[in-house]
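Commentary on secondary and tertiary structure
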Amino acid sequence: MKNQRSLFLLILFCLGIQAQDSNDVILDALNLANFENGKVHKVWLGLGDNEFGNRITVPVIILKGAEEGKVLGLTAAIHGNELNGISIIHKLIDEINPSGLKGTVVAIPGLNPLAIARNQREFMDLQDLNRLFPGKPNGNRSQQMAYQIGEKIVPLFDYHIDLHTASFGRVNSLYGRGDMSDETLAKMLRLLQPDIIVSNKGKASFGEASGLTLRAFAISKGVHSITMEYGNPQVYQSEMVKRGVEGILKVLNGFGFSDSKYDLPELGYVCSKSYWVFTQKGGYLEVLVELKQIVEKGEQIAILKNAFGEVVEQYAAPESGIVIGKSTNPVSISGSRIIHLGILQGK
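Now for a look at the structure at hand.

Quick notes on the rules
- Residues numbered from 1 in each chain as written.
- Predicted model: local features only at pLDDT ≥ 70, side-chain atom pairs only at ≥ 80, totals over all residues.
- Heavy atoms only, no water.
- Buried < 20%, exposed > 50% of the residue type's maximum accessible area, 1.4 Å probe, protein only.
- Helix = DSSP H or I, 4+ residues; strand = E, 2+ residues; numbered from the N terminus.
- Pairing = 2+ DSSP bridges.
- Contact = heavy atoms within 4.5 Å.
- Polar contact = N/O pair within 3.5 Å; in protein donor to acceptor, adjacent residues only side chain to side chain.
- Axes fitted to C-alpha atoms, helices over the stretch in contact; angles between N-to-C directions.
- Parallel < 35°, antiparallel > 145°, perpendicular 65-115°, else oblique.
- Left-handed = near helix turned anticlockwise from the far one by under 90°.
- Expected span 1.5 Å × (residues − 1).
- Core = buried A, V, L, I, M, F, W, Y, C linked by side-chain atoms within 4.5 Å.

For the rest of this paragraph, the subject is the pairing of strand β3 (residues 55-64). The buried fraction of β3 is high, at 8 of 10 residues. When strand β2 (residues 39-49) meets β3, the two strands line up antiparallel, connected through 9 bridges. Within β3, the residue paired with lysine 39 across the bridge is lysine 64. The loop that links β2 with its antiparallel partner β3 comprises 5 residues; one of these, glycine 53, has a positive phi angle of about 80°. Bridge analysis of β3 against strand β5 (residues 102-109) gives 4 bridges, and the strand direction is antiparallel. Pairing of isoleucine 61 across the sheet is with alanine 107, part of β5.

Given below as C-alpha cells:
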C-alpha cells in the first residue's frame, strides 16, 4: 500500500500537481522549476541502491522564494559523524519565510546517510567521500556515491557552503576555508564570521586525497563554494549552531536573497596556510595549548608519556601561528595528530 501511495504521489509530481510537498516523495533528480514558488518543499533524493534494492536517499529541503534568483546550497554531514551542520540547517529553515525570499535555498541535512547511521566518518566501505570527487559512474561503492552527488546536487547551486566539524578524537574552532583572493568567496567567509579563516583553493590539506574535495569539485563547476568547520563531532553544540544560523542569514542578506540590510563584519584571523603537527612516537599525549591560542615558534605545545608515566617526547610549535584544532584523545601511536596549526597571513 505504501509503495502504491508513493508511486501515486510521484505520478502527481511528474504531472505538476504539487506532490512535492509530501515527505513520501523519492525523486531521481531535482528540477527546481517544478517546485512552487514561495513555499518550503521536503523530498527525498535517490543516490543509488542499498543491499535490499531500496533507494539510498538523502533528505532535501527546498526553500523556493517568491521571486526567482540565485541558488544557495547547504550540505551537511558528508562525514557521517559531523552533525552540527544538520542542526544548523534544521534551525535555519525555521528562520526563513520563503515568501520573502529572492531565489532558492537547497539544504541537505545529511549527505552521507549510511555513515550517519553507522556513527562513522567514512562511507560504508571506509572511504572518505570528501576526497573522491568527481567519482565514477561505474566505480566502486563510494566512487558511485560521490559521482551521484556531483551529478545530481552540485549543478543546482550558484553558491555553496559545506558544513563540517572535527572528527573523532579532535576538536575545532569555528573556522572557514576558502580562497580569500576571490572577492565572492572572501565576502561569503566574512559574512559567516568564523574565528579563523584558512585561505586556500580547496585542495585537501591532509588525508588520502585521490580526488577532489566537494568544495574543489564545486568550484571546478563554476560554483562559489566554501567550507565551514563548526566545532566538535557527534554532538549538537548550541553556540556553534546559533552562530551558524546567524552567519548563513547574513550570507542571504549580503547576496541579495532578501532586502534586509547587512554590515560586512571586520576581518578576523586569516591564515595563509595550515597543517597538522604529528607525534613521532607512541604513548599518552597531553596537549598543552587551547583552541584559538597564538603560539610562538619553539613554544611547548604537548608532551608524550609512556605507559609508566615517563616523558618520552616533548613537542614545540615548528612555526608561530594559531591553534585551529587539536587532538583530545590521549592514546597516540606514532604519527598521531597533535594540533592543527594555522600560519597567520603576513607572518
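Now that the structure is up, let's keep going.
Bringing the environment of leucine 45 into the picture now. With respect to the element layout, leucine 45 can be found in strand β2. Along the backbone, leucine 45 and isoleucine 343 are 298 residues apart, and their C-alpha atoms lie at a distance of 40 Å. Dropping the residues within four chain positions of it, leucine 45 is found in contact with Leu27, Asp28, Ala29, Leu30, Ile56, Thr57, Val58, Val60, Lys152 and Ile153.

Here we take up the environment of leucine 156. Among the secondary structure elements, leucine 156 is positioned in the loop between α4 (141-152) and β6 (159-164). When the C-alpha positions of leucine 156 and valine 287 are compared, they lie 43 Å apart, and in sequence the two are 131 residues distant. Excluding its chain neighbours within four sequence positions, the residues that come into contact with leucine 156 are Leu30, Leu32, Val71 and Val106.

With respect to the helices and strands, histidine 340 occurs in strand β18 (residues 337-344). In terms of polar contacts, histidine 340 uses its side chain to reach the side chain of serine 274, at 2.8 Å. Not counting chain neighbours up to four residues away, the residues in contact with histidine 340 comprise Tyr175, Ser274, Tyr275, Trp276, Ile322, Val323, Ile324 and Gly325.

Turning our eyes to something else, we now look at the packing of helix α2 (residues 84-95) against helix α7 (residues 238-254). Their axes nearest at 9 Å, the elements α2 and α7 cross at an angle of 50°. Between α2 and α7, the angle falls in the class oblique. Here α2 runs over α7; the crossing is right-handed. Counted together, Asn84, Ser87, Ile88, Lys91, Leu92 and Glu95 of α2 and Met240, Val241, Gly244, Val245, Ile248 and Leu249 of α7 form the full contact between these two elements.

Our next topic: the sheet that holds strand β12 (residues 283-287). Read from one edge to the other, the open sheet built from 4 strands follows the order β15-β14-β12-β17, with strand pairing classed as antiparallel. At either end of the open sheet lies a strand with only one pairing partner, and these are β15 (311-316) and β17 (331-332). Of the pairings in the sheet, the one linking β12 to strand β14 (residues 300-305) comprises 4 bridges and is antiparallel in character. Paired with leucine 285 across the strands is leucine 304, a residue of β14.

So, on to helix α5 (residues 183-192). Residues lying three or four places apart along an α-helix face the same way, a consequence of the helix completing one turn every 3.6 residues. Those residues of α5 that sit buried are Leu185, Ala186, Met188, Leu189, Leu191 and Leu192. Where α5 begins, the side chain of aspartate 182 points an oxygen toward the backbone nitrogen of threonine 184, at a separation of 3.0 Å. Phi turns positive one or two residues past the end of α5, at glutamine 193, with a value near 55°.

For the rest of this paragraph, the subject is α7. With 17 residues, α7 extends 24 Å from end C-alpha to end C-alpha; this agrees with the ideal 24 Å at 1.5 Å per step. One or two residues past the end of α7 sits glycine 256, with phi positive at roughly 80°.

Below, the discussion takes up the nonpolar core. One recurring pattern in soluble globular proteins is that nonpolar side chains are buried together. Ranked by size, the top nonpolar core spans 40 residues in total, and within it Leu74, Ile161 and Met228 carry the most contacts. Ignoring sequence-local partners within four residues, the contact set of methionine 228 consists of Ile161, Asp162, Leu163, His164, Leu174, Tyr175, Gly176, Leu189, Leu192 and Pro194. Formed by 33 residues, the second largest nonpolar core is a distinct cluster that contains Leu30, Ile62, Leu132 and Phe157.

Note that all results are geometric; they support no functional claim without further evidence.
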